[in-house]
Each structure stands twice: as structure tokens, then as C-alpha cells.
Amino acid sequence: QVQLVESGGGLVLPGGSLRLSCIVSGGGFGDYTMGWYRQAPGKEREERELVAAITNDSNGHYADSVKGRFTISRDNARNKVYLQMNSLKPEDSAVYYCNAVPRFANWGQGTQVTVSS
């Protein structure tokens, strides 16, 4: 079974930056398109938003809300996927999760990102 562990969240001022990391175990990482999802406060699990995705050959795709500010990358040798987040806004505050696209059945614990002054 695939396991996902996210890290790198925290509290940051508006305009600041964070880099999220996710390590994936369970095999087959290089075969999957991977994505970063977020669950905003008050939203249900089913409403998690896909904000960035990266194909197995490293083509990135972004939601309009983060385009130009977020960059997704991956290291297939280390089974890791990253999300560089710049120019953060309060509306980016959420719990961020990595998962495949389409999603695996299980999720990691996520990492909290709070953007506030």
C-alpha cells in the first residue's frame, strides 16, 4: 500500500514563501502523475482542491489560483515531490496533501500552511 508523508508547512507572513515536501513509499512512484491538493478551513475532505500536478516526465500544471506563484517538482530517484510556494496569500491557508492524479485511496496526514500577519 502506498504511504505518503508531507512536511514543510508552517506560519508565514503574506508575501512569504514555503517549500513543501512529500515522500512516497510503496512502489511505482515514477509511473504516476503526482499532485498537491489542499483543504481549506471549513471545507470537507471531498472538497480538496488540486492546485498543482506533475507528470512522470516533469510537466507541471497549475490551478489558476496559484499559477505564477507555485512550482511543483519531483525527484523520481528519491520518490519525492515538492511544492515551492511564493508570494503567499491568506487564501492559500489550508492543509496541503500530496497524492497521485487520479488519487490513491489513502492520504497522508497533510501539512498545515497558515498565511497570516
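Refer to the structure printed above.
This is a predicted model, so every value here is computed, not measured.

To continue, consider the packing of aromatic side chains. Here the structure, examined in full by the defined rule, presents three aromatic pairs. Between Y37 and W107, the ring centres sit 5.2 Å apart and the planes meet at 80°, which makes this aromatic pair edge-to-face. Residue Y37 is located in strand β4 (residues 34–39), and its partner W107 is located in the loop between β9 (94–100) and β10 (111–115); the two are separated by 70 residues in the primary sequence. Classification of Y37 as buried rests on a relative accessible area of 4%. Note on Y97 and W107: the rings are 5.6 Å apart at their centroids and 80° apart in plane angle, and the pair reads as edge-to-face. Here Y97, found in strand β9, pairs with W107, found in the loop between β9 and β10; they are ten residues apart in sequence, far enough to count as distant.

A few words on the sheet that holds strand β2 (residues 10–12). Overall, mixed pairing links the six strands, which are arranged β2-β10-β9-β4-β5-β6 in an open sheet. The open sheet is flanked by β2 and β6 (60–62), the only strands paired with a single partner. Averaged over all adjacent pairs, the angle separating strand axes in this sheet is 25°, with direction ignored.

Turning next to the sheet that holds strand β8 (residues 80–85). The pairing of strands in a sheet happens through backbone hydrogen bonds and is either parallel or antiparallel. In space, the four strands of this open sheet follow the order β1-β3-β8-β7, with antiparallel pairing throughout. Either end of the sheet is taken by a strand with one partner, and the two such strands are β1 (3–7) and β7 (70–75). Shown here is a sheet whose adjacent strand axes are inclined to one another by a mean of 15°, direction ignored. Bridge count for β1 against strand β3 (residues 18–25) is five bridges, and the pairing is antiparallel. For Q3, the partnering residue across the bridge sits in β3 and is S25.

On a regular strand, each side chain points to the face opposite its neighbour's, so the side chains alternate between the two faces of the sheet. Pairing geometry for β3 and β8, over six bridges, is antiparallel. Residue pairing across strands places C22 opposite V81, the latter belonging to β8. One ladder, built from six bridges, connects β7 with β8; its direction is antiparallel. Residue pairing in the sheet places D75 in a bridge with K80 of β8. Where β7 folds back onto β8 in an antiparallel hairpin, the turn is made up of four residues, including N79, whose phi is positive at roughly 55°.

Turning our attention to the environment of H61. In this structure, H61 sits in strand β6. Looking at H61, the relative accessible area reads 48%, which means it is partly exposed. Between the alpha carbons of H61 and C22 there is a distance of 17 Å; along the sequence they are 39 residues apart. When neighbours within four sequence positions are excluded, H61 is seen to be in contact with V51, A52, A53 and T55.

As a further point, take the side chain of S21. Inspection of the secondary structure assignment puts S21 in strand β3. Filtering out sequence-adjacent residues up to four positions away, S21 remains in contact with V5, E6, S7, W36, V81 and Y82.

Calculation rules
Residues numbered from 1 in each chain as written. Predicted model: local features only at pLDDT ≥ 70, side-chain atom pairs only at ≥ 80, totals over all residues. Heavy atoms only, no water. Phe/Tyr/Trp six-rings, centres within 6.5 Å; stacked < 30°, edge-to-face > 60°. Helix = DSSP H or I, 4+ residues; strand = E, 2+ residues; numbered from the N terminus. Buried < 20%, exposed > 50% of the residue type's maximum accessible area, 1.4 Å probe, protein only. Pairing = 2+ DSSP bridges. Axes fitted to C-alpha atoms, helices over the stretch in contact; angles between N-to-C directions. Contact = heavy atoms within 4.5 Å.

So, to be careful, I would describe these as geometric facts and stop short of saying anything about function.
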